Amino acid sequence: MNTRRIALIPAAGIGSRFGSELPKQYVQIGEKTVLQHTLDVFAANERIDHIAVVISPDDSYFDVLINLPHNGSVHRVGGSSRAQSVFNGVNELVDLGIATLSDSILVHDAARCCLPQTALNRLLDHTEHNYNGGILALPVADTLKQQNAHQHIARTVSRVGMWQAQTPQLFQAALLQRALANVNLNHITDEASAVEQLGISPMLVEGDSRNIKLTRADDAALVAFLLTQM
Ligand code: C5P
């Protein structure tokens, strides 16, 4: 059967660490909003069949600020956590018949707007025949410190074999639904960790240091620079 690749972009967060009135996905950097940059990365890749955005039910910015790609859909089913937004989104995609259970879902943070096409294609290439799915990630470069109760160093943690998770994270819709139905959605910070709890090991595919998540206001200058390099 011919399976399709569907990008699922959770964009229902309020971005409390970013510290602006406007949710960070709607902040303009360069010519466009952060979310628009992100959507346009997927729209420019011919291997992506559909782009679904999950926003908050009371979002008042999307319709004004965003041009939905011609192969896109918007879903006002955002929840109280990122994982809840993703779960609601994938369920709605399946219920509406936009996705079948065997389609591949690529979950990608709205706030990672500098995703290079090379990294996206690498994930698609490596996960094509892989039932476990896979994620973009980078080997940890810095030395890792565990803190004690006084924020002094308790010990040094080996960085050997340690990776930092990025997105997209790609799974078959059926696996993603099963994994997210099985966990406390307020306690997980990425989809892979839900899949791991089923005893399945998703593949680690080398990401890209440019694929950063806009988190704090002072990340904006770096994101603006990276966007000029894409
Ligand atoms: O807050 P954080 O940067 O971890 O959010 C990652 C992504 O998840 C963002 O794109 C954000 O909009 C989205 N999110 C969501 N629903 C929430 C919280 C976050 O869709 N309740």
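Each chain has its residues counted from 1, following the order in which its sequence is written. A pLDDT threshold of at least 70 governs which residues receive local features in this predicted model, and a stricter bar of 80 or more applies before side-chain atom pairs are shown or counted, although totals over entire chains, interfaces and linings include all residues. To get the side-chain values, all heavy atoms of the structure are used, and hydrogens and water are removed first.

## Describing the site of the ligand
To keep it simple, the criterion reads: Throughout this document, a residue counts as near a molecule or strand when at least one of its heavy atoms sits within 4 Å of that molecule or strand. Between N or O atoms, a polar contact is any pair within 3.5 Å; within protein, one atom must be a potential hydrogen donor and the other a potential acceptor, and residues adjacent in sequence are included only when both atoms are from side chains. Note on areas: these come from Shrake-Rupley sampling with a 1.4 Å probe, and a residue is covered only by the protein chains present in the view. Asp, Glu, Lys and Arg are counted as charged, while Ala, Val, Leu, Ile, Met, Phe, Trp, Tyr, Cys and Pro are counted as nonpolar; the rest, among them Gly, fall into the polar class.
Taken together, 16 residues form the shell around the ligand, and within it Pro10, Ala12, Lys24, Gly79 and Ser85 come nearest. Here an oxygen atom of the ligand sits 2.9 Å away from a polar atom, N or O, in the main chain of Ala12. The backbone of Ser81 places a nitrogen or oxygen atom 3.4 Å from a nitrogen atom of the ligand. Relative to its free-state accessible area of 470 Å², the ligand is covered by the protein chains to the extent of 85%. Per-class residue counts for the shell around the ligand are five nonpolar, six polar and five charged.

## So, helix H7 (residues 220-228)
Spelled out, the test is: Only protein chains enter the accessibility calculation, which uses a 1.4 Å probe. A residue is then buried if its area is under 20% of the maximum for its type, exposed if over 50%, and partly exposed in between. Each helix is a run of H or I in the DSSP string that is no shorter than four residues. Each strand is a run of E no shorter than two, and both are numbered from the N terminus. Of all possible arcs, the one meant is that of the directions from the helix axis to the C-beta atoms. Should any heavy atoms of two residues lie within 4.5 Å, those residues are counted as being in contact.
What H7 keeps buried is the set Val223, Leu226 and Leu227. Along the axis of H7, the buried residues cluster in a sector spanning 100 degrees; they form a single face. Opposite the packed face of H7, turned more than 90 degrees from it, sit the exposed residues Ala221 and Thr228. Lining the buried residues of H7 we find strand E2 (28-29) and helix H1 (34-43).

## With respect to the UniProt feature "site: Transition state stabilizer" (unreviewed entry) in the protein
Using the following cut-off: UniProt positions are given in the numbering used here, feature names are shortened, and annotations may be inferred rather than shown by experiment.
Per the UniProt entry, the sites bearing "site: Transition state stabilizer" (unreviewed entry) are Arg17 and Lys24 in this numbering. With respect to the element layout, Arg17 can be found in the loop between strand E1 (5-10) and E2. The class for Arg17 is exposed, based on a relative accessible area of 52%. Residues in contact with Arg17, not counting those within four places in the same chain, are Lys213, Thr215 and Arg216. Among all residues touching Lys24, those that are not within four sequence positions of it are Gly15, Phe18, Val34, Ala111, Leu214 and Thr215.

## Digging into the environment of Arg5
In this structure, Arg5 sits in strand E1. Considered as a pair, Arg5 and His75 are 70 residues apart in the sequence and their alpha carbons are 17 Å apart. For Arg5, the contacting residues outside a window of four places in its chain are Arg47, Ile48, Asp49, His50, Ser104, Leu106, Leu124 and Glu128.

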